[in-house]
Amino acid sequence: MKLYPEHKLVKACLRQIEDKLGWGNATQWHNEVFIELSEIIEKETHVLLSPTTLKRVWGRVNYENAPSISTLNALSQFAGYLNWRDFKNKVDSKNPSWIERKITPNARIIVVSASVLTLVFISLFSMIGIGNKNATIDSSQIKFSSYPIAEGIPNSVVFDFDLNGVKSDSIYIQQFWDRTKTIKIKPGQKQATGIYYYPGYFRAKLLIDGKKIKQHDLFIKSNGWLGTVDYQPIPKYIKEVRQTSNKLSLPSDIIDEIVRSEEPLVSSFHYVKNFEKVSGDNFVLNTTIKNVYRDKWAVCQHASIIIMGTKSSLIIPFSIPGCASELGIMLSEIYLNGKEHDLSELGLALTTFKNIKIKVKEKHLTLFAENEEIFSKAYHESIGDIAGIRYHFLGAGEVKSIQLTDISKEIILIDENFGSVE
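For clarity, every value in this text was computed on a predicted model and none was experimentally measured. (Residues numbered from 1 in each chain as written. Predicted model: local features only at pLDDT ≥ 70, side-chain atom pairs only at ≥ 80, totals over all residues. Heavy atoms only, no water.)

**Considering the sheet that holds strand S15 (residues 334–337)**
The strands making up a sheet associate through hydrogen bonds between their backbones, and the pairing can be parallel or antiparallel.
And step 1. Across the sheet, which stays open at both edges, the eight strands sit in the order S9-S8-S10-S19-S12-S13-S14-S15 with antiparallel pairing between neighbours. The outermost strands of the open sheet, each flanked by one partner alone, are strand S9 (236–238) and S15. Shown here is a sheet whose adjacent strand axes are inclined to one another by a mean of 20 degrees, direction ignored.
And step 2. Sheet topology note: the strand S12 (residues 303–309)/strand S13 (residues 313–318) ladder contains six bridges and is antiparallel. Across the sheet, Ile306 pairs through a bridge with Ile315, a residue of S13.
And step 3. In the packing of helix H8 (residues 252–260) onto the sheet, the strands contacted are strand S8 (226–229), S9 and strand S10 (266–272), and the crossing angle to S9 comes to about 145 degrees. (Pairing = 2+ DSSP bridges. Helix = DSSP H or I, 4+ residues; strand = E, 2+ residues; numbered from the N terminus. Axes fitted to C-alpha atoms, helices over the stretch in contact; angles between N-to-C directions. Contact = heavy atoms within 4.5 Å.)

Take a look at the structure:
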């Protein structure tokens, strides 16, 4: 495979990201890991890189072109640098050694030879009975389940499991992307606990020798509307967000705290509950939102509406028109980057309340602002059933109204008074 000129530098950046995450070798990452990585990069850098883009960069998808500069900038920022140029300036990119200069021109021959030798050794080991003692794990004989200890957030979860005699020094429960949510299992262990700081629909996975053996879905509900200031690793919870003025907003002391911060802060409103089999591919969401802080690092007035599904999500971003290049919209498996696509119609000044309507019918999303259609796009992979709604604001924002309607059954699920119709 032909490598692009900065391939070594990109690999160095990816190694730093792997070290930061602590998720183990990227060659063992499953598709769900890249989905989770996409979410954490977007949360930390406010740039959404699709799981497919990340798999291309990590070499998990056959793709010979160099990553775009917007992708490199986002990865560099996530690794702790200002941008790609800053990463290149600070990383010690030494000249190749004498051995590297000799080996590189013959790399293809060496790789092919090594592959042949590897196959020979594997065949020999197989014939003499030496191999992975867990190579024939029967997942049907392994039990893996969980249940939350309490209601609301934060919430600890108990994991019950029976490994049925499996012996390995690499057994983990992966709760989510965060390293604090990856639990190492000791020999003979039957239970483990973990903590979740955000409400959501999570997929817990049991990993043995880097392979996913079992998984199940875990629902952490918000018990109505919950506000957060998304500090890392633990957010600040604001439960009193339903105001008498009929809007979701943060208390004045929390707004003051955000204004005083020298570092960018994201605040969120969460509504996660069991909607009882409401399709995320056929609904209408009507809502009215605005930004309430737009100085210093919040000048672009970034905001996003997220419809969480049991399989995937829809992420609809907004900013002032001049910052539309930084936006990225995700519709299940479809991702459009503002650096590579014209997303200027998503450039809305939210200094005053704006009405936003999101209509999804048979996996086709149509977006309206102030009753004017501004965006339309179909996707193909279902997001599953609706699991919740999130609003993200860089800084702080308000939600004046929201109405969520199941258009298949013509049932209103949430009304503008933030009440659920049972």
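**Comments concerning the confidence of the model for the protein**
And step 1. Scored by pLDDT, the protein has a mean of 83; 85% of the residues are at 70 or more.
And step 2. By mean pLDDT, helix H7 (residues 107–127) is the weakest element of the protein at 43, and strand S17 (residues 364–369) is the strongest at 97.
And step 3. The model gives residues 107–133 a pLDDT under 50, and that stretch makes five contacts with residues more than four places away or in other chains.
And step 4. pLDDT under 50 marks residues 418–422. Its contacts with residues more than four places away, or in other chains, come to 17 contacts. (pLDDT = per-residue confidence, 0-100.)

**Focus: the side chain of Asn83**
And step 1. Residue placement: Asn83 occurs in the loop between helix H4 (69–79) and helix H5 (84–90).
And step 2. At a separation of 3.2 Å, a polar atom in the side chain of Asn83 contacts the main-chain amide nitrogen of Arg85.
And step 3. A distance of 2.8 Å separates a polar side-chain atom of Asn83 from the backbone nitrogen of Asp86.
And step 4. With near-sequence residues (within four places) excluded, Asn83 lies in contact with Asn73 and Ser76. (Polar contact = N/O pair within 3.5 Å; in protein donor to acceptor, adjacent residues only side chain to side chain.)

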